[in-house]
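# Descriptive analysis of the structure
Next come the chains, spelled out residue by residue.
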Amino acid sequence: MKKLKTIYFIFILTVIQGNISHSETGYKVWLRYQAIDDKELSADYLKYCSIIYQAGSSDILSSSANELKSGLKEMLGAEPVISTSTNINSIIIGTIDKIPSSIYKIPDSQARSLNQEGYIIKNTGKHIIITAKNEVGVLYGTFHLLRLMQMKEPVADIDLLENPKVKLRLLNHWDNPGKIPEERTNIERGYAGISIFKWEELPEINKRYIDYARILSSVGINGAVINNVNTAKKGLEGWKLLTPEYLPKLKALASVFRNYGIKLYISVNFFSPVLISGTDDADPLNPKVQEWWRNKVVEIYSEIPDFGGFLVKADSEGEPGPIKYGRTQAEGANLLANALKPFGGLLMWRAFVYGDKELSPDRACQAYQVFKPLDGAFAENALVQIKNGPIDFQVREPVSPLFGAMPKTNQLLEMQITQEYTGQDKHVCYLVPEWKEILDFDTYAKGNNSMVSRIIDGSLFGYKYSGIAGVSNIGDDQNWTGHLLAQANLYGFGRLAWNPDLSIGQITDEWILQTFGNNEKIHSVLNSILLTSWETYENYTSPLGCGLMCSRNDRDESHFYPAPSKRVDYHKADKNGVGYDRTIATGSGYTNQYFEPVKSEYEDLSTCPDELLLFLHHVPYTYKLKSGKTVIQHIYDSHNEGVEQVLKYQAQWQSLKGLIDDERFEHVKNKLIQQEGYAREWRDSINSYFLDMSGIEDTYKLTNIK
Ligand code: GCV
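So, about the domain arrangement of the protein. Partitioning the protein into domains gives domain 1 (33-162), domain 2 (168-516) and domain 3 (537-580 + 618-705). Relative to domain 2, the C-alpha centre of domain 1 lies at a distance of 33 Å. Taken together, the 15 residues of domain 1 in the interface contact 17 residues of domain 2. Both faces combined, the contact of domain 1 with domain 2 buries some 1400 Å², and carbon together with sulfur accounts for 51% of it. Ranking the residues of domain 1 by area buried against domain 2 places Y140, R147 and M151 at the top, with a combined share of 37%. Applying the counting criterion to the domain 1 and domain 2 interface returns 3 salt bridges. Ionic pairing is found between R169 and E117, a salt bridge with its closest N-O pair at 2.9 Å. The interface formed by domain 1 and domain 2 contains 7 residue pairs in polar contact (both at pLDDT 80 or more).

Where helix 14 (residues 487-498) contacts helix 15 (residues 504-516), the axes come no closer than 10 Å and their chain directions differ by 130°. Judged by the angle between their axes, helix 14 and helix 15 are oblique. Taken as a pair, helix 14 and helix 15 cross one another with a handedness that is right-handed. Of helix 15, the residues touching helix 14 (which contributes Q487, A488, Y491, G492, R495 and L496) are Q506, I507, E510, W511, Q514 and T515. Its residues assigned to classes, the contact of helix 14 with helix 15 shows 5 nonpolar, 5 polar and 2 charged.

Here we come to the sheet that holds strand 10 (residues 309-312). Taking strand neighbours around the barrel as the criterion, the 8 strands line up as 7-8-9-10-11-12-13-14 in a closed arrangement whose pairing is parallel. Averaged over neighbouring strand pairs, the angle between their axes works out to 25° when direction is ignored. Taken together, the 5 bridges between strand 13 (residues 411-416) and strand 14 (residues 467-471) define a ladder with parallel strand orientation. Across the sheet, Q416 pairs through a bridge with V471, a residue of strand 14. Across the face of the sheet, helix 7 (residues 247-258) comes into contact with strand 8 (223-225) and strand 9 (263-267) while running at roughly 140° to strand 9.

Between L202 and the following residue, P203, the backbone shows a cis peptide bond with an omega angle of 10°. By secondary structure assignment, the location of P203 is in the loop between strand 7 (168-172) and helix 6 (207-218). Cis geometry marks the peptide bond from E596 to P597, where omega comes out at 5°. Position of P597 among the secondary structure elements: in the loop between strand 15 (577-578) and helix 18 (598-603).

It is worth spelling out helix 12 (residues 432-440) at this point. Burial of helix 12 is extensive: 7 of the 9 residues sit out of reach of the surface. All buried positions along helix 12 are accounted for by V432, P433, E434, W435, K436, I438 and L439. Lining the buried residues of helix 12 we find strand 13, helix 13 (452-456), strand 14, helix 14, helix 15 and helix 16 (520-541).

This part takes up the state of the cysteines. Working definition of a disulfide: a covalent bond connecting the sulfur atoms of two cysteines. Per the stated rule, a full pass over the model turns up 0 disulfides. You can see C429 has no disulfide; the closest cysteine sulfur is in C550, sitting 13 Å from it. Residue classification places C429 among the buried residues on the basis of a relative accessible area of 2%.

The tally for this structure, following the rule as stated, stands at 37 salt bridges. The shortest N-O distance in the salt bridge between D425 and K426 comes to 3.1 Å. This pair shows no difference in class: D425 is buried, exactly as K426 is. Between K671 and D425 there is a salt bridge; the shortest N-O distance is 3.5 Å. Placement of K671 in helix 21 (residues 662-694) and of D425 in the loop between strand 13 and helix 12 is noted, with a sequence separation of 246 residues between them. Relative accessible area serves as the criterion here: at 12%, K671 is assigned to the buried category. Overall, D425 belongs to the buried group, its relative accessible area being 14%. What emerges from the salt-bridge pattern is a single network uniting E24, R32, D661 and R664.

Parameters and conventions
Residues numbered from 1 in each chain as written. Predicted model: local features only at pLDDT ≥ 70, side-chain atom pairs only at ≥ 80, totals over all residues. Heavy atoms only, no water. Domains from an automatic or database assignment. Contact = heavy atoms within 4.5 Å. Buried area = accessible area lost by both parts, 1.4 Å probe. Salt bridge = Lys/Arg side-chain N within 4 Å of Asp/Glu carboxyl O. Polar contact = N/O pair within 3.5 Å; in protein donor to acceptor, adjacent residues only side chain to side chain. Axes fitted to C-alpha atoms, helices over the stretch in contact; angles between N-to-C directions. Helix = DSSP H or I, 4+ residues; strand = E, 2+ residues; numbered from the N terminus. Parallel < 35°, antiparallel > 145°, perpendicular 65-115°, else oblique. Left-handed = near helix turned anticlockwise from the far one by under 90°. Nonpolar A, V, L, I, M, F, W, Y, C, P; charged D, E, K, R; others polar. Pairing = 2+ DSSP bridges. Buried < 20%, exposed > 50% of the residue type's maximum accessible area, 1.4 Å probe, protein only. Disulfide = S-S within 2.5 Å.

Next up, the structure:
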């Protein structure tokens, strides 16, 4: 009787839950491969998808076949069979030279338009062929086909050719290997648990490395720098990756990544010869130092023949660099680049330098002052990696004027996926709209159409190497990114790195459909939340380009809480006005670093875009914006609006109860509740700070207090 009651209870529970699917942790990210419940569609897919013909064999091809097998099994209910015959309907995977011409002959013109990582997917009526010049292209094509199926797109007439537009599509981890000193965290600016790289267990491989590689490869990321650019600061041990103890561990990771088309890179310390071998100095012009680096590189390549190269943070925030020896940043970079060159390795040198007393007192001016004069002095396998803005990943900054200013120097754009200054894991802040603005920004370096996207895809200046690097938001939390919706940032970063011209709408749709299915209500709510979330965060934290109003190290998380009174150096608020005067006429002269017409647009108060006003100009609180509001009233209003937007998100999300599995529903719901608390704290702190400063009342609050 008791048993019967239990069965009845389970039955009732199932009925009550209706269409709620099983609980999900978010571990599978967008590679969920949910069963396709549309019978007609799944029958269409099954026409081709019950058999796979693998033309050729290699580890990467096996990754494709495995992904197809598991993905199709989950979506269609039966694992496809690997066949050796091409007589039956099937999916065919293999490089162009291996596809039997009796089945399909790829037109020469198409083959010629493929680049090294591009692919073709063609439905011939009997077969779906996924082919490419190289196996990695086949793998990308496989993920593309699976993406279409997850989005329930028809495949009957599929006939497409895709090339990545950007050569280097990299993830930069700020994970700290080795012992972690007490005041440091396991991942610098990491908000999703600790590092997935378990150095004490390596070279033992765990499944998570394979899933990590699958996730990256599914969005086309082709390289990962697996440790923090801070390698020795305050006792960090990242520099040890160059010691013999770590080489087998690196080799093991590289072997997993290789199967998914991902190259392994590491961050290194410029003083490595001194730290590791006790040389007298690390002077780039010292032949002994040069020899040390050459030998080190030989050691690495003898174990990892496709090793990607090094990333270096030099002369910055305590990391050492060539300045100590009176050498330039280019001389420092070339030391390592020359050692890597015989093996095809790359050297990525960060332009994140500031604080030198010889430079302008305005931090925003400094990277340009150091690097611009060195244009043309860097080795051909060196790249200068530049943060998107001149300060430090603020919620709003102008694009760094270094983009376009170094036509003879390979450049990489660095953006931050981890939300150091954009709400960490507590606030939803979808960054694709911001990144799109950056990529679409016209530098006018070579006249019209000199967009950042064309600089980093190499086409504007014919760079040999160029690309995009994103600071990773991955940790060992079950859902990888801490906040479930932050997965959209990882997804969007990869897709934009593949093709900066993709629209925000397309990327967002793809992510929602794969992560939450094709329910219209879910789609419209997520669209509305994601697409406004950057503006919302900006509204209650950072008015009109007035960045860095956050705390340094107060309470648990630095760069998270409001602390406007401690950041006067950045926003320059006083009794009469607010904003940093960076004009040529009366300020730091930062605007002079841009090409015309941007220079004049930013210099002139009347043409300066409102959203950058306080980054570029100091104005009275009563200055009228283009909206007609005064600066002070805009500050008050936007902060109130920001909180209201979060309240709206909560109501919107609540309307999805029952449509999303409980675990993910509750997770996001709780995050939005937390977000409201922090948004109120920001609003109250900023608004009262500016009330005190300006002495001008908030007219909105007087009439609409909540
Ligand atoms: C890795 C900012 C961050 C640091 C980071 C640094 C950098 O200052 O707060 O955590 O260090 O940028 O990009 O090197």
